[in-house]
Structures are given as structure tokens and as C-alpha cells.
Amino acid sequence: MPASKIIGVGMYLPEEVVTNDDLTKLMDTSDQWIQERTGIKERRFFKEGVDTVSSMGAKASLMAIERAGKKPEDIDFIVFATLSADYCFPGSGALMQQHIDFKRNIGALDIRAQCAGFIYALSVADQYIKTGMYKTILVVGSEVQTNVFELSNRGRDMSVIFGDGAGAVVLEASEETGKGILTTKLHTDGRSAEELYLEHPGSRRKQRFNPTMIETGELLPHMNGKHVFINAVKYFPEVIREALADQNLKEEDISLLVPHQANARITVAVGKELNLPDEKVVSNIHKYGNTTAASIPIALCEAWQDGRVKEGDLIALAAFGSGFMWGSALIRW
Ligand code: COA
């Protein structure tokens, strides 16, 4: 059975940098409150008319394709993770074909797994490669979220945390033994769905929108921050340990942990729980905030650019988020 190797990484961040101090002009918050609780100093805001989830995904993808030494026509399939698709339908994976000429009508699949989206996407792509159905797959995570939240007092609990951005990897079938994605582990607890969710425009109501929804704030997402925090610090280490046990590996075998950038306090707690020194845990949330499905490929791309990902390293990826959905991946680089 072939293994899936990551042969190219790419990222794209919109130009506009919004600092915590910038947000204090829009709501009652402070740089100190945000930094103490989340570690975030600034985030990027997309530019309307320039950036879309699919165009940002395409920019990250073209970088990954070039670094892989490939051309768009070499790609066999697209797996695209996002919670903030350009349109309600069709998905942003399909729209990527408006930005990149793949020369063929390759299949495209959108993944709805929120902060765990990239792990789920990677796992799906890995299975296609292992079965031999596809040889080269583009796996993308991209989000425009700064327009999902309200830059106001009532929206401040969430709007200070999230940011926009995109990351992508090219996965390719490899016959090299012991290299590539060793395992992925996926979990969901749908009973906790309403602890972190956005109801509208869902299909439960006869009328998806009405003017009162704007006034009442029903169009805003809801997060039970404390409950999310408690579950994240429990399930991140658990799902990483599950993957390690599957491969007869130990925590000390991890060369680099690239966690979903949910919150710096969560990342620190997970690193401590797994006895990993700080230099083995990637954290860039201070620059970009929580970019949901894009956070892992962006962090992986930056780590690779900084020379922190080397041939033969054991890279652990892990994520937890809305659903609740969580997962991990172990990669021998
Ligand atoms: N600025 C200032 N004050 C804010 C604020 C903001 N942006 N957002 C909320 N507050 C206020 C609240 O209104 C509340 O005020 P009150 O005590 O007067 O009612 C208070 O801050 C809540 O503070 P606290 O209880 O100390 O919050 P917290 O320590 O639970 O931190 C989170 C809040 C969201 C940062 C924290 O719960 C968290 O990190 N949760 C995980 C979230 C996460 O990672 N989500 C993504 C998952 S993928």
C-alpha cells in the first residue's frame, strides 16, 4: 500500500494587520485582556473584493504546488476544509477551479469539520492515496471569519480570537517505507454541538433569515468558552497519545507538535501534559489569531520555512473544535 507524503507546503495571509489596540476602538476590550487569555497580539482581516476563501486557498495551493515541483495539472483531487465557504453552495473546493487551471475537471470535496477540518481533510486524502484511487492530492484549509463575528461589545468574546488566512499541502503517493502519514485519528461528540456553533443560515427554520435576527444577535456564533477550553485540554493530548500508541511510539519520539492554534493557553497546556519542551511545540497564534481550518497548514508551513521540519522528523498534528470534532495525525517527514 502506498504511503502519503507531504511534498509541498504553502500559505497565504491577507495584508491587513489588525492589532488588539485597533480592536479597542470598536469594543470594550484591552490588549492585556486578549493577550492574557489567548496569547493573541494581532490577526489578519481579509480585503473584500480581493480575498475570498477560495482565492486565498488557491494562493496557498499554488505556493505548495510550486514547492512540490509540480504543476496544477499534476493534481488529481482537491480536499478543501473550511467553515466559512465563499457561498452556501457550491463549496470552495469547486470554486478553486475558478482560480487555478488544473487542465482537467478533477474532483473537489469540501470538509465541514471546523477547527479539526485540516486533520479530517488530510485523513480523507490519505485514504484515497492508500487505496490507489489518486496519486497527488491538494489538501487546503482556508477561512474568512472576521466577517462572521461582530466587532462590537456583544460580539467581543469571539471576534477578538479569530482571524483570516489559508494554508495548503500537496500529498503524494510514495513507496518509501516508514515515511509519510503514519496514522490519523478522528473523533466527534455531536452532543456538544451547541457549545460552539453558528445556527443561521441553517435549515431548521422555515424562514432562514428575518430582520429581528440581526437585532437579537441570533446571526452571531455562540461559544461556551470555558467548556471548550476544558474539553480541548483533555482531548488534544488524548488523541495524540492514541496515535502514538497505534504506532508504538512515545511522547518523547515527537520531533515537533503542530497543534491547531486555538489559544496559546491551550497549546501550552497540551505541551506540558505531553512533557514536550517549548521548542518542540509550534505557536504562531500571536500573529494570526485562531484561523480555524487554516491554522495547522499555516503553522506547518512557517515551521518548514524556519527549518524546524527536517527529513526523518516525527511531526504530530492535532486539533479540537466545534462539533465537538477533534483528531490527530502522525507524519514521518
Ligand atoms: N474583552 C474584554 N472582556 C471580555 C471580552 C473581551 N474581548 N470577551 C469577554 N469578556 C468578558 C466577559 O463579558 C466576562 O465578563 P463578566 O465576568 O463581567 O461577565 C469576562 O470577560 C469573562 O472572563 P473570563 O471568565 O475570565 O473568561 P475566560 O477566562 O473564560 O476567557 C476565553 C474567555 C474565551 C478566552 C476562554 O474561555 C477560552 O480561551 N476558551 C477557549 C476558546 C477557544 O479556544 N475557542 C476556539 C476553539 S477551536
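See the structure shown above.
Residues numbered from 1 in each chain as written. Predicted model: local features only at pLDDT ≥ 70, side-chain atom pairs only at ≥ 80, totals over all residues. Heavy atoms only, no water.

A.B. asks: Honestly, the overall build of the protein chain in this entry has me stumped. Any pointers?
C.D. replies: Counting its regular elements, the protein chain contains 11 helices and 13 strands. Relative to the globule expectation of 20 Å for 333 residues, the C-alpha radius of gyration of the protein chain, 19 Å, shows essentially globular dimensions. Each principal axis of the C-alpha atoms in the protein chain carries an extent, and together these give about 55 × 45 × 35 Å. A total of 333 residues make up the protein chain; the buried ones form 56% of that total. A sequence separation of at least 24 residues applies to 77% of the contacts in the protein chain between residues at least 6 apart. Here the protein chain has roughly 14,800 Å² of accessible surface; of this, 50% comes from carbon and sulfur atoms. Within the protein chain, the 44 negative side-chain charges are centred at a point lying 2 Å from the centre of the 36 positive side-chain charges. (Helix = DSSP H or I, 4+ residues; strand = E, 2+ residues; numbered from the N terminus. Rg over C-alpha atoms; globule rule 2.2 N^0.38 Å. Buried < 20%, exposed > 50% of the residue type's maximum accessible area, 1.4 Å probe, protein only. Contact = heavy atoms within 4.5 Å. Areas by Shrake-Rupley, 256 points an atom, 1.4 Å probe, with all protein chains shown as cover. Lys, Arg positive; Asp, Glu negative; His and termini not counted. Charge placed at Lys NZ, Arg CZ, Asp CG, Glu CD.)

A.B. asks: I tried to follow the side chain of Glu-172 on my own but got confused; where do I start?
C.D. replies: Tracing the backbone shows Glu-172 in strand 7 (residues 165-174). One polar contact links Glu-172 to Thr-136, side chain to side chain, over a distance of 3.1 Å. Setting aside anything within four residues of it in sequence, one finds Glu-172 in contact with Ala-3, Ser-4, Lys-5, Ile-7, Lys-70, Ile-129, Lys-135 and Thr-136. (Polar contact = N/O pair within 3.5 Å; in protein donor to acceptor, adjacent residues only side chain to side chain.)

A.B. asks: For this particular structure, what's the right way to read helix 5 (residues 117-131)?
C.D. replies: For an α-helix, 3.6 residues make a turn, and residues three or four places apart therefore share a direction. Here helix 5 spans 21 Å end to end across 15 residues, near enough to the 21 Å set by a 1.5 Å rise per residue. Taken together, the buried positions of helix 5 are Gly-117, Phe-118, Ile-119, Tyr-120, Ala-121, Leu-122, Ser-123, Ala-125, Asp-126 and Ile-129. After helix 5 finishes, the residue Gly-132 shows a positive phi value of roughly 90°. (Expected span 1.5 Å × (residues − 1).)

A.B. asks: Can you help me understand the site of the ligand in this one?
C.D. replies: As a structural note, the neighbourhood of the ligand is formed by 23 residues, with Thr-29, Arg-156, Gly-225, Lys-226 and Asn-263 the closest of them. Trp-33 has a polar side-chain atom sitting 3.3 Å from a nitrogen atom of the ligand. Residue Asn-263 places a side-chain N or O atom 2.4 Å away from an oxygen atom belonging to the ligand. Within the residue set of the shell around the ligand, elements represented by two or more residues are helix 2 (31-38), helix 6 (156-159), helix 8 (225-246), helix 9 (264-273) and strand 12 (314-321). The element that contributes the greatest number of residues to the shell around the ligand is helix 8, accounting for four residues. Partitioning the shell around the ligand into residue classes produces 10 nonpolar, seven polar and six charged. Mapping the shell around the ligand onto the domain boundaries places at least three of its residues in each of domain 1 (3-177) and domain 2 (181-332). (Near = heavy atom within 4 Å. Nonpolar A, V, L, I, M, F, W, Y, C, P; charged D, E, K, R; others polar. Domains from an automatic or database assignment.)

A.B. asks: What exactly am I supposed to notice about the pattern of salt bridges here?
C.D. replies: Side chains that carry opposite charge are capable of pairing whenever their charged atoms lie near each other. By the definition in use, this model includes 17 salt bridges. Of the charged contacts in the structure, one is a salt bridge between Lys-103 and Asp-101, with a shortest N-O distance of 3.5 Å. Grouping residues by exposure puts Lys-103 and Asp-101 together as exposed. In this structure, the salt-bridge partner of Asp-126 is Lys-130, at a minimum N-O distance of 2.7 Å. Of the two residues, Asp-126 and Lys-130 are both situated in helix 5; the distance of four residues between them amounts to about one turn of the helix. (Salt bridge = Lys/Arg side-chain N within 4 Å of Asp/Glu carboxyl O.)

A.B. asks: Even after reading the chapter, I still don't get the sheet that holds strand 12, so can you show me in this structure?
C.D. replies: In a beta sheet, neighbouring strands are held together by backbone hydrogen bonds and run either parallel or antiparallel to one another. Strand order in the open sheet made by the four strands is 8-13-12-11, with mixed pairing throughout. Each edge of the sheet is formed by a strand with only one pairing partner; in this case those strands are strand 8 (180-188) and strand 11 (256-259). When strand polarity is set aside, the average angle formed by the axes of neighbouring strands in this sheet is 15°. Where strand 12 meets strand 13 (residues 325-332), eight bridges bridge the pair, whose relative direction is antiparallel. Across the sheet, Phe-320 pairs through a bridge with Trp-326, a residue of strand 13. In this fold helix 5 packs onto strand 8, strand 12 and strand 13, with an angle of close to 130° to the strand it touches most, strand 8. Contacts between helix 8 and the sheet are confined to strand 8, strand 11, strand 12 and strand 13, with strand 12 contributing the most and set at about 145° to the helix. (Pairing = 2+ DSSP bridges. Axes fitted to C-alpha atoms, helices over the stretch in contact; angles between N-to-C directions.)

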